[in-house]
Amino acid sequence: MADLLVLGIETTCDETAAAVVSRSPSGAGHILSNVIRSQIEDHSPYGGVVPEIAARAHVEMLDLVIAEAMRNAGIGFNDLAAIASAAGPGLIGGVIVGLTTAKALALASHRPLVAVNHLEAHALTARLTDGIAFPYLLLLVSGGHTQLLAVEDVGRYRRIGTTVDDAVGEAFDKVAKMLSLPYPGGPEVERQAALGDADRFSFPRPMFGRREPDFSLSGLKTAVRLEADRLAPLSEDDVADLCASFQAAVVDLICDRVRAGARHFRDLVGSAPTALVVAGGVGANAAIRVALQKTAAEIGTRIAVPPPALCTDNGAMIAWAGAERLSRGLTDSLSISPRARWPLDPASAGAKA
Ligand code: KG4
Ligand code: ZN
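Everything in this summary refers to the structure shown in the same document. (Residues numbered from 1 in each chain as written. Chains lettered and ligands numbered in written order. Predicted model: local features only at pLDDT ≥ 70, side-chain atom pairs only at ≥ 80, totals over all residues. Heavy atoms only, no water.)

**Let's talk about the sheet that holds strand E7 (residues 146–153)**
Through backbone hydrogen bonds, the strands of a sheet pair up, either in parallel or in antiparallel fashion. Formally: Note on pairing: two strands pair once DSSP finds at least 2 bridges between them. The helix count covers DSSP runs of H or I at least four residues long, the strand count covers runs of E at least two residues long, and both are numbered beginning at the N terminus. An axis is simply a line fitted to the C-alpha atoms; with a helix, the fit covers only the stretch in contact. Between two such axes, the angle follows the N-to-C directions and lies from 0 to 180 degrees. Only heavy atoms enter the contact rule, under which two residues are in contact if any of them lie within 4.5 Å.
The strand order E8-E7-E6-E9-E10 describes an open sheet built from 5 strands, whose pairing is mixed. Only two strands of the sheet have a single neighbouring strand rather than two, namely strand E8 (156–162) and strand E10 (302–304). When strand polarity is set aside, the average angle formed by the axes of neighbouring strands in this sheet is 25°. Relative to E8, E7 runs antiparallel, the two sharing 6 bridges. Note that in E8 the partner of Ala-150 across the bridge is Arg-158. Strands in contact with helix H4 (residues 118–130) are strand E6 (136–141), E8, strand E9 (275–279) and E10; relative to E6, the strand with the most contacts, it is inclined by about 125°.

Quick look at the structure:
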């Protein structure tokens, strides 16, 4: 059997992205091209992603991004085994643009379509970058999602814990906004935190020590807001110290929730995880990566965190998830619908984030 070459398309949020990835019969992955056109400049005047602007930018850019991904990979459509697109969850206008384009390409090039769950793509990226075997404990931390999952196979995800209010990335973005830091907030809060004193404020660590591996961020976010209001007008040092103290609280609570999640994993799956895998945009945060390395050692496993550019949204993760599904014979009909909501664990459908 030859390597599978798959084109992947990502348009669920504010990145227009396409990539070509190969998967060998033994499961080894290789990125041939990975093109991302960020819309940050389009959205920054509004301090967040504006869905209508995002959808229009995807329409304008996607054909060019795909052409560049194919050119960089040095292949033609005839060389592809399949065309994959994120079919949700995400901003529905953007998802429609990506999925419709993928359907048109699949039809025109007589290739199968693979409709990928964006969260599944984050979940499987560590198999592309680090060749991680199943089952593993996944910490998925992005702008819209904060979950601990047991990843048992392609398509087999069981949710262990989730946030009862905000996602971690959302909390970073909201703290950035209240401190008047530029959008996107997460990387900016991390930059400021590196300059500040993490011990100046002692912010709450909601849910710390609880047995159930769930998350809560809103009390921490409110505590930062109250402190910022009390100090206003804020000096540069105040902003840096608030960011550092906020990030320290996030690091503590994430590590504690992962420890609780590891205990649940063993009860649920019946064995230890092969690795602690971190996925989603917040995985780009260096302080969180370093702290989780220690936590992984404590729970007796290794850690796998894709490089920052593969933690945040990208086309390679969609192409790879498409290749993983294709290798198991999983393809989709051209009548498949885009989905704004699409939980990874159907048993937990309806719960927040
Ligand atoms: O996975 P992603 O690119 O998009 C979603 O699917 O949500 O994640 C974006 C989120 C944003 O909330 C962003 O602020 C956060 O990831 N993020 C970070 C960092 N880089 C991105 N949060 C903390 N530190 C970072 N360095
Ligand atoms: Zn994402």
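**Some details on the site of ligand 1**
Selection rule: Near residues are defined by distance, with any heavy atom within 4 Å of the molecule or strand qualifying the residue. Any pair of nitrogen or oxygen atoms within 3.5 Å is treated as a polar contact; in protein, a donor-acceptor pairing is required on top of that, and neighbouring residues in sequence qualify only through side-chain atoms on both sides. Here the Shrake-Rupley method, with its probe set to 1.4 Å, supplies the accessible areas, and only the displayed protein chains count as covering residues. For this classification, Asp, Glu, Lys and Arg are treated as charged, while Ala, Val, Leu, Ile, Met, Phe, Trp, Tyr, Cys and Pro are nonpolar and the rest, including Gly, are polar. An automatic or database domain assignment provides the domain bounds reported here.
Lining the immediate environment of ligand 1, one finds 19 residues, of which Gly-143, Asp-173, Glu-190, Gly-281 and Asn-285 sit closest. A distance of 2.6 Å separates an oxygen atom of ligand 1 from a polar side-chain atom of Asp-173. Against a free-state accessible area of 550 Å², the protein chains account for coverage of 87% of ligand 1. The set of elements that each furnish at least two residues to the shell around ligand 1 consists of H4, helix H5 (168–178) and helix H6 (185–195). Along the lines of polarity and charge, the residues of the shell around ligand 1 split into 5 nonpolar, 11 polar and 3 charged. Composition of the shell around ligand 1 by domain shows at least three residues from each of domain 1 (4–127 + 310–345) and domain 2 (134–305).

**A closer look at the coordination of the zinc ion (ligand 2)**
A four-donor tetrahedral metal ideally has 109.5 degree angles, and a six-donor octahedral metal ideally has angles of 90 or 180 degrees. To keep it simple, the criterion reads: Donor atoms are limited to N, O and S found within 2.8 Å of the metal ion, a distance that becomes 3.2 Å for Na, K and Ca. With water left out, some sites might look partial. When accessible area is computed with a 1.4 Å probe and restricted to protein chains, residues below 20% of their type maximum are described as buried, those above 50% as exposed, and intermediate ones as partly exposed.
Those protein atoms acting as donors to the zinc ion (ligand 2) are His-118 (NE2), His-122 (NE2) and Asp-313 (OD), and they sit at 2.0 to 2.2 Å. Binding-site remark: the zinc ion (ligand 2) is held by donors from one chain whose sequence spacing is H-x3-H-x190-D. Placement of the pair is His-118 and His-122 together in helix H4, with a separation of 4 residues, close to one helical turn. Comparing His-118 with His-122, the two get one shared label, buried.

**Side note on the side chain of Ser-245**
Relative to the helices and strands, Ser-245 resides in helix H8 (residues 236–269). Note on Ser-245: relative accessible area 1%, which makes it buried. Those residues in contact with Ser-245, other than ones at most four positions away along the chain, are Asp-197, Ala-198, Asp-199, Arg-200, Phe-201 and Phe-203.

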